[in-house]
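Chain residues, written in single-letter form:
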Amino acid sequence: WYYRPKSSLRALRFSALPSCLFWIIVVAYLANEHYLGVHIFSAALLLGALYCLLGFVLTASQWRGLFLPFCLLVFLLPFEGYLDVYLGFPLRLLCADWAGQVLQVLGFASATNESIILIEQRAANVDLACSGIKGIWTGGIFYFLLSLIEGHKLSLRWIAIGLGFLGCLMVANVLRIVFLVWLGV
């Protein structure tokens, strides 16, 4: 008599969504290795590929349930340097522009983005490339971790709440800049 313990793994079967995602990730990995050579992106894509491979042995609901833990693993990789360079400075210019518009509404003379950035730099020790990207990244990790702890499922409502939270973090960053410039002037 052969005793086989019951497990949550099923026999290897083809699944369309994990397969499509897997091949998209493989192409992205090859493009990254050929054109960019950024190792942290390769590590993130490797985690994505491992997640897709689990889709062939887990049930669909179990596979979807592992989405948030895998996203949290990817978020915990050290992306900080790349975020500062590629997203931080454009975000800083955008927030300075929005802060300038808020200051105009409050009755201050129109200030250029450069002067707002200089006043912000003088009032607080802000990295040149970063103005809020670290807060947004940390807030994203917090959102994923809280969603995982509370057992939220991936849905349109969850995505909408996440985008709303991202918007609130952006507004808080703009208000921080407005207050620093207001106090600096």
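This text follows the structure it describes.
Residues numbered from 1 in each chain as written. Predicted model: local features only at pLDDT ≥ 70, side-chain atom pairs only at ≥ 80, totals over all residues. Heavy atoms only, no water.

Moving on, we come to helix H8 (residues 156-184). The terminal C-alpha atoms of H8 lie 42 Å apart, and with 29 residues this matches the ideal 42 Å at 1.5 Å per residue to within 8%. Residues Trp158, Gly162, Met170, Asn173, Val174, Ile177, Val178, Leu180 and Val181 constitute the buried set of H8. (Helix = DSSP H or I, 4+ residues; strand = E, 2+ residues; numbered from the N terminus. Expected span 1.5 Å × (residues − 1). Buried < 20%, exposed > 50% of the residue type's maximum accessible area, 1.4 Å probe, protein only.)

Moving on: the nonpolar core. Counting residues in each nonpolar core, the largest one holds 22 residues, and the members touching the most others are Leu77, Phe79, Leu91, Cys95, Ile116, Ile177 and Val181. Contributing elements (two or more residues each) for this core: helix H2 (39-54), helix H5 (80-105), helix H6 (113-123), helix H7 (133-150) and H8. The leading source of residues in this core is H5, at 6 residues. With residues up to four places along the chain from it excluded, the contact list for valine 181 reads Leu103, Ile116 and Ile119. (Core = buried A, V, L, I, M, F, W, Y, C linked by side-chain atoms within 4.5 Å. Contact = heavy atoms within 4.5 Å.)

Quick look at H5 now. The largest bend in H5 comes to about 45°, at leucine 87, with the proline proline 90 one to four residues further on. By the burial criterion, the buried members of H5 are Leu83, Asp84, Gly88, Leu91, Arg92, Cys95, Ala96, Ala99, Gly100 and Leu103. Glycine 107 sits one or two residues past H5 and shows a positive phi near 100°. (Bend = angle between axes of the 7 residues up to and from the residue.)

Here we come to the side chain of serine 147. With respect to the helices and strands, serine 147 occurs in helix H7. Among the residues examined, serine 147 registers a relative accessible area of 2% and is labelled buried. In terms of polar contacts, serine 147 uses its side chain to reach the backbone carbonyl oxygen of tyrosine 143, at 2.8 Å. If near-sequence neighbours (up to four positions away) are discounted, serine 147 is found in contact with Leu68, His152 and Trp158. (Polar contact = N/O pair within 3.5 Å; in protein donor to acceptor, adjacent residues only side chain to side chain.)

Position of asparagine 32 among the secondary structure elements: in helix H1 (residues 16-36). Residue contacts for asparagine 32: discarding those within four places in its chain leaves Gly37, Val38, Phe41, Ser42 and Leu45.

For the rest of this paragraph, the subject is the packing of H2 against helix H4 (residues 67-75). Interaxial distance between H2 and H4 falls to 9 Å at its minimum, and their mutual angle equals 165°. Accordingly, the angle class assigned to the pair H2 and H4 is roughly antiparallel. The way H2 lies across H4 gives a crossing that is right-handed. Where H2 approaches H4, its residues Ala44, Leu47, Leu50, Tyr51 and Leu54 are matched on the opposing element by Phe67, Phe70, Leu73 and Val74. When the residues that make up the contact of H2 with H4 are grouped by side-chain class, the tally is 9 nonpolar, no polar and no charged. (Axes fitted to C-alpha atoms, helices over the stretch in contact; angles between N-to-C directions. Parallel < 35°, antiparallel > 145°, perpendicular 65-115°, else oblique. Left-handed = near helix turned anticlockwise from the far one by under 90°. Nonpolar A, V, L, I, M, F, W, Y, C, P; charged D, E, K, R; others polar.)

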